[in-house]
Amino acid sequence: MGFARACSVALVGVEGVVVEVQADLEPGVAAFTLVGLPDKSLVESRDRVRAAVVNSGAEWPQKKLTVGLSPASVPKGGSGFDLAVATAVLGAAERIDPGKIADLVLIGELGLDGRVRPVRGVLPAVLAAAEAGYHQVVVPEQTAGEASLVPGVSVLGVRSLRQLIAVLSDEPVPEEPPEPETGRPDAMLAGLMVPGAGVGTGLAAGAQGGGHRPDLADVAGQAAARTALEVAAAGGHHLLLHGPPGAGKTMLAERLPAVLPTLTRQESLEVTAVHSVAGMLPPGQPLVRTPPYCAPHHSATMQSLVGGGNGIPRPGAVSLAHRGVLFLDEAPEFSGRALDALRQPLESGHVVVARSAGVVRLPASFLMILAANPCPCGRHTLRGAGCECPPSAIRRYQSRLSGPLLDRVDLRVDVRPVDRGDLLGQGGRGESTAEVAARVREARQRSAARLVGTPWSVNSEVPGHELRTRWLVAPGALAAAERDLERGLLTARGLDRVLRVAWTVADLAGRERPQARDVALALELRTGIARGARAPAGGVS
C-alpha cells in the first residue's frame, strides 16, 4: 500500500482554502476514484492526469487508486487541482519522494501531453497558502510573476509535469522545446482570460487608439461638474451627473480614474486578486497599479452587478471596480432590482452573496458615478428642443433612481449643454488631469494625516458620529445645514454626508477645518440649490 499527500487551494469567491490532496494505492482492480465534493470540471481531471503522467514518461500505477480532497465539506471546482493530484499519485507510487511534497502547494492545469497550463486566481490562492503557513508553491510558468507578488513564499514556475518530476527527484531537468514563433497569441494563456473579457468590458478607461489617454483638458466648460469631479476624487464621494445627451457626462466619468491617486501595495494586491479570479487580469501585467474602471451596460442583470453565477458566486461589476470607479451610464435604464442591490456595498464596502452552494463575501469599495438624462428623450431641460414626453413619463423615468439610493450619493450636479464659446475654445482650455490630480493627492495626504490611527483613509468612510464629536467644524458653519435638516431637505444620513464633503472641500483648499463657505458648497453639491458658493473653474477655493 502506498500513500502520499500534497496541497492545493480551493477558491471560494476571492478567498482561498488550502486543500490537502491525498492519494492512496491499494491492491485490487485498477480504478481511479476521486472524492471530496468535486464538481464536474474536477471529476474530469482523472482522465487529464492519467494521460499527462503517461505522456511525461512516468508509469501509471495499475492498482486501486483513491484520491481524496480534504476538507471534504468545502466545494471544489476548476482544473487547478490537476498538478497536485498528479504529484500526489506519483508520490504514492514512489516515483517521487512523498516527504518532499507533503508541504508543497501546487496549482495548475495539466494538458494531455503533460504541459502545465495557467489557471485563474493564482494570486488569491498563493495568499491563502501563505496565510496558512506554507512557504513553497509550484505554479505554471506563465503565472510565476503573479505568485511572486506574495512576500515570504518561494515560487517555482514549471512548464511541464516532466520538468516538475525531475526537480522533485533531483534528476537533470529536461530541456523543453522552444515554442514556435507563429505570430499568433500564446494558446497557453487562454485559461487566464474569460471569453469576451477584453477591452470592451471597460475595465480601464486608459489608452485609446494611437496611445491617446483621456485628459480633463479635453472637456469644454463644465466648471461645476469639474469641481464635483475633483471633490469626488479627493474624498471618495459618489457622484450623480444629471443633464441632456451630449453635455459631457461620459467624458467626465472616463477621466476620473486618472485623477485618483495610484493604488497602494495592499490595494494593488486586493484589486489584482479580484481580477485574477474573474479572468480579467491582462497577461504580462501581474499587478494592477492604477484604479480600475468598470462601465457595465444598462442591460446588466443584478447578478452581473453584485456577483453571482452557477455554483460558487463569482465577482460582479462592483467587485471589479474595487478601489476604482463604477460608472453607470444611462442609470435610470438599469433595472430597479439591480440599482437597489447597490445599497449594501455603497455603505459597507463589500457585498455578501448567498447561494445554495455557499455564502461569499466579495470586496466592493468603489467610487460610483451615475449619469442620467432628464427624461426618456433627453431634451426636457433644453430650451426649444421640442421635448414631447408627457409629465407622467418624466416622473416615472426620474423615479427609477430610488430615494434610498440617491440618499447615498454625496454629490449631484446638473451638467448643462456646452455653449459655443467653450466648445470652440474661446474660453481657453481647462486644467489638465495632472494639475487636478496633484491637488487631489495633496488633499488625500491631509485627510490621511488627520485620520492616522483610525480604520478610515478618506473622508467618505468616516462615520457621522465621529465628525460631529471628534472633528468639529468652525463655530456656526453648520447653521445652513441645520436649517435644511429642520425643513426636511436633508435626512440625518444626508447631514453626515454634507459634513464629509465639507471636510473634503476644506482639505482641497488647505484649511484646518471646514468654514461656512465649505459647508455651503457641500450643500450646493448635494441638494443642487444655489447658495452662492460655486467654486471657480480651476479648483476649490
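These figures come from a predicted structure and were not determined experimentally.

Undergrad: Lay out the sheet that holds strand E10 (residues 239-242) with the relevant residues and their values.
TA: Across the sheet, 5 strands lie side by side as E11-E12-E15-E10-E16; this open sheet has parallel pairing. A single partner strand is all that each edge strand has here, and the edge strands are strand E11 (293-294) and strand E16 (411-414). Where E10 lies against E16, 4 bridges are found, and the strand directions are parallel. In the strand pairing of E16, Leu241 is matched with Val413. Across the sheet, helix H8 (residues 223-235) touches E10, strand E15 (367-372) and E16, and the angle it forms with E16 is around 165°. Strand contacts of helix H9 (residues 249-259): E10, E11, strand E12 (325-328) and E15, with the helix running at about 170° to E15, the strand carrying the most contacts.

Undergrad: Give a detailed account of a nonpolar patch on the surface, specifying residues and quantitative values.
TA: The grouping of Leu156, Val167 and Val173 at the surface amounts to a nonpolar patch, some 200 Å² of accessible area in total. Considering the arrangement of structural elements, one finds Val173 in the loop between helix H7 (161-168) and H8. A relative accessible area of 44% means that Val173 is categorised as partly exposed.

Undergrad: Please provide a residue-by-residue account of the packing of helix H3 (residues 82-92) against H7, values included.
TA: Two elements in contact, H3 and H7, have axes whose closest approach is 12 Å; the angle formed by their N-to-C orientations is 45°. By the angle between their directions, the pair H3 and H7 is classed as oblique. Pair H3 / H7 crosses with right-handed handedness. Residues Leu83, Ala86, Thr87 and Leu90 of H3 lie in contact with H7, whose contacting residues are Leu161, Leu164, Ile165 and Leu168. Along the lines of polarity and charge, the residues of the contact of H3 with H7 split into 7 nonpolar, 1 polar and no charged.

Undergrad: So, the environment of Arg162: which residues are in play, and what are the values?
TA: On the secondary structure map, Arg162 appears in helix H7. Classification of Arg162 by relative accessible area gives partly exposed; the value is 38%. Expressed as a C-alpha distance, the spacing of Arg162 and Ser56, which sit 106 residues apart in the sequence, is 5.1 Å. With sequence-adjacent residues up to four places away left out, Arg162 is seen in contact with Asn55, Ser56, Gly57 and Pro174.

Undergrad: Just give me the short version of the packing of aromatic side chains, but keep the residues and values in it.
TA: Aromatic ring pairs are defined here through the distance separating the ring centres and the angle between the ring planes. This structure, assessed with the given rule, holds 2 aromatic pairs. With centroids separated by 5.6 Å and ring planes inclined at 40°, the aromatic side chains of Phe32 and Trp60 adopt a geometry described as tilted. Here Trp60 lies in the loop between helix H2 (45-55) and strand E4 (64-70) and Phe32 lies in strand E3 (residues 31-35), a separation of 28 residues in the sequence. Look at Trp60 and you get buried, because its relative accessible area is 11%.

Undergrad: How would you explain the confidence of the model for the chain if you had to name every residue and give the values?
TA: Mean pLDDT over the chain: 87, with 89% of residues reaching 70 or higher. Within the model, the stretch residues 196-202 combines pLDDT values under 50 with 8 contacts to residues more than four positions away or in other chains. Between residues 205-210, whose pLDDT stays under 50, and residues either more than four places distant or in other chains, the model counts 9 contacts.

Undergrad: How would you sum up the pairing of E4? Please name residues and give values.
TA: Bridge count for strand E2 (residues 15-26) against E4 is 7 bridges, and the pairing is antiparallel. Bridge pairing links Glu26 to Lys64 in E4.

Undergrad: Outline unusual backbone geometry, supporting the account with residue identities and numerical values.
TA: Pro71 follows Ser70 through a cis peptide bond whose omega is 5°. Relative to the helices and strands, Pro71 is located in the loop between E4 and H3. You will see that Glu94, though not glycine, has its phi angle at about 65°, which is positive. Its relative accessible area of 66% is what places Glu94 among the exposed residues. Although it is not a glycine, Asp170 adopts a positive phi angle of roughly 55°. Within the fold, Asp170 resides in the loop between H7 and H8. The exposed category is assigned to Asp170, whose relative accessible area is 61%.

Undergrad: Which residues make up helix H18 (residues 433-450), and what values go with them?
TA: Spanning 18 residues, H18 covers 26 Å between terminal C-alpha atoms, matching the ideal 26 Å at 1.5 Å per step. When H18 is considered as a whole, its buried residues turn out to be Thr433, Val436, Ala437, Arg439, Val440, Ala443, Ser447 and Arg450. Down the axis of H18, the sector holding all buried residues measures 160°, keeping them to one side. Opposite the packed face of H18, turned more than 90 degrees from it, sit the exposed residues Ala434, Gln445 and Ala449. Buried residues along H18 sit in contact with H8, H9 and helix H21 (492-509).

Undergrad: So what's going on with the environment of Val21? Which residues, and what values?
TA: Here Val21 shows up in strand E2. The class for Val21 is buried, based on a relative accessible area of 0%.

Undergrad: An account of the packing of helix H5 (residues 122-131) against helix H10 (residues 265-278) is needed here, citing residue identities and associated values.
TA: Between H5 and H10, the shortest axis-to-axis distance is 7 Å and the interhelical angle comes to 120°. Relative to H10, H5 is oriented oblique. Contact residues: Val122, Leu123 and Pro124 in H5; Leu269, Thr272, Ala273, Ser276 and Val277 in H10. Here the residues of the contact of H5 with H10 are counted per class, giving 6 nonpolar, 2 polar and no charged.

Undergrad: Tell me what's going on with the side chain of Arg497, and back it up with residues and numbers.
TA: Within the element layout of this structure, Arg497 appears in helix H21. Beyond its immediate sequence surroundings of up to four residues, Arg497 is in contact with Glu347, Asp407, Arg408, Asp410 and Arg526.

Undergrad: Quick one: what's the story with the pattern of salt bridges, residue by residue and with numbers?
TA: Tallying each qualifying case throughout the model produces 24 salt bridges. For Arg439, the salt bridge goes to Glu230, with nearest N and O atoms at 2.8 Å. Taken together, the residues span a long stretch of sequence, with Arg439 in helix H18 and Glu230 in helix H8 at a distance of 209 residues. The two residues Arg439 and Glu230 agree in class, both being buried. Across the pair Arg526 and Asp407 runs a salt bridge whose closest N-O atoms are separated by 2.7 Å. Here Asp407 lies in the loop between helix H16 (403-406) and E16 and Arg526 lies in helix H22 (residues 516-527), a separation of 119 residues in the sequence. The pair formed by Arg526 and Asp407 is uniform in burial state, with each residue classed as buried.

Scoring rules and cut-offs
Within any chain, residue numbers begin from 1 and follow the written order of that chain's sequence. The model is predicted, so local features are restricted to residues of pLDDT at least 70 and side-chain atom pairs to those at 80 or more, both for listing and for counting; the totals for chains, interfaces and linings are taken over all residues. Excluding hydrogens and water, the side-chain figures rest on all heavy atoms present in the structure. One bridge is not enough; two strands pair if DSSP finds at least two bridges between them. Numbering of helices and strands runs from the N terminus; a helix is a DSSP stretch of H or I covering at least four residues, while a strand is a stretch of E covering at least two. Here a residue-residue contact requires only that any non-hydrogen atoms of the pair lie within 4.5 Å. The angle between two axes is taken between their N-to-C directions and runs from 0 to 180 degrees, where each axis is a line fitted to C-alpha atoms and a helix contributes only its stretch in contact. Residues form patches when they are more than 30% accessible in relative terms and have no salt bridge. Like charges link within 9 Å. Nonpolar side chains (Val, Leu, Ile, Met, Phe, Trp, Tyr) link within 5 Å. Only the protein chains shown count as cover for residues, and all accessible areas are computed by the Shrake-Rupley method using a 1.4 Å probe. For salt bridges, the criterion is a side-chain nitrogen of Lys or Arg within 4 Å of an Asp or Glu carboxyl oxygen. Remark: exposure states derive from per-residue accessible area (1.4 Å probe, protein chains only) relative to the maximum for the residue type, with buried under 20%, exposed over 50%, and partly exposed in between. Throughout this description, any angle smaller than 35 degrees is read as roughly parallel, any larger than 145 degrees as roughly antiparallel, any in the 65 to 115 degree range as roughly perpendicular, and the remainder as oblique. What makes a crossing left-handed is the near helix being turned counterclockwise from the far one by less than a right angle; a clockwise turn instead makes it right-handed. Under the grouping applied here, Gly and all other residues not named as nonpolar or charged are polar, the nonpolar ones being Ala, Val, Leu, Ile, Met, Phe, Trp, Tyr, Cys and Pro and the charged ones Asp, Glu, Lys and Arg. Centres within 6.5 Å are what make two rings of Phe, Tyr or Trp a pair, Trp counting through its six-membered ring; a difference in plane orientation under 30 degrees is then read as stacked, over 60 as edge-to-face, and the rest as tilted. In predicted models, pLDDT denotes the confidence assigned by the predictor to each residue on a 0 to 100 scale. Multiply 1.5 Å by the residue count of a helix minus one, and that product is the helix's expected span. Arc definition: directions from the helix axis to the C-beta atoms.

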